Amino acid sequence: MELDQKAREAIEDIITRREGINSMQAQIKEDIKAVAEYLAIKPAQVGKIISLVERERAKGDAIETERDIIETAELLTPLKQAEPESVSL
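Residues numbered from 1 in each chain as written. Predicted model: local features only at pLDDT ≥ 70, side-chain atom pairs only at ≥ 80, totals over all residues. Heavy atoms only, no water.

Enquirer: Honestly, the pattern of salt bridges in this entry has me stumped. Any pointers?
Expert: Any two side chains of opposite charge can pair, so long as their charged atoms come close to each other. The final tally for this structure, using the stated rule, is two salt bridges. The salt bridge partner of D13 is R17, with a shortest N-O separation of 3.2 Å. Taken together, the residues span about one helical turn, with D13 and R17 both in helix α1 (residues 5-39) at a distance of four residues. Put simply, E30 and K33 hold a salt bridge, and the shortest N to O gap is 3.8 Å. Placement of the pair is E30 and K33 together in helix α1, with a separation of three residues, close to one helical turn. A residue is classified by how much of its surface remains accessible, and E30, at 45% relative accessible area, is partly exposed. (Salt bridge = Lys/Arg side-chain N within 4 Å of Asp/Glu carboxyl O. Helix = DSSP H or I, 4+ residues; strand = E, 2+ residues; numbered from the N terminus. Buried < 20%, exposed > 50% of the residue type's maximum accessible area, 1.4 Å probe, protein only.)

Shown next, in the form of structure tokens:
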């Protein structure tokens, strides 16, 4: 099968876009890991939070429901204990 220039360019464009998508997916995965580490939760929990927010946005009840989701995320996030300050007498 012989490809003309137009077909070759189209195939190259598809390959380039796929590479871009793969790169973006890898970056998103790293970003999720960073957020999870920051919140001291598992990346899967961050993924669930993101999925819930996306679902609510699709429904159109974004603002009110996202408040609930954020509150839930805060409950899932372990509180960091502040180090007791030493008191000098």
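Alright, that's what it looks like, and here's the rest.
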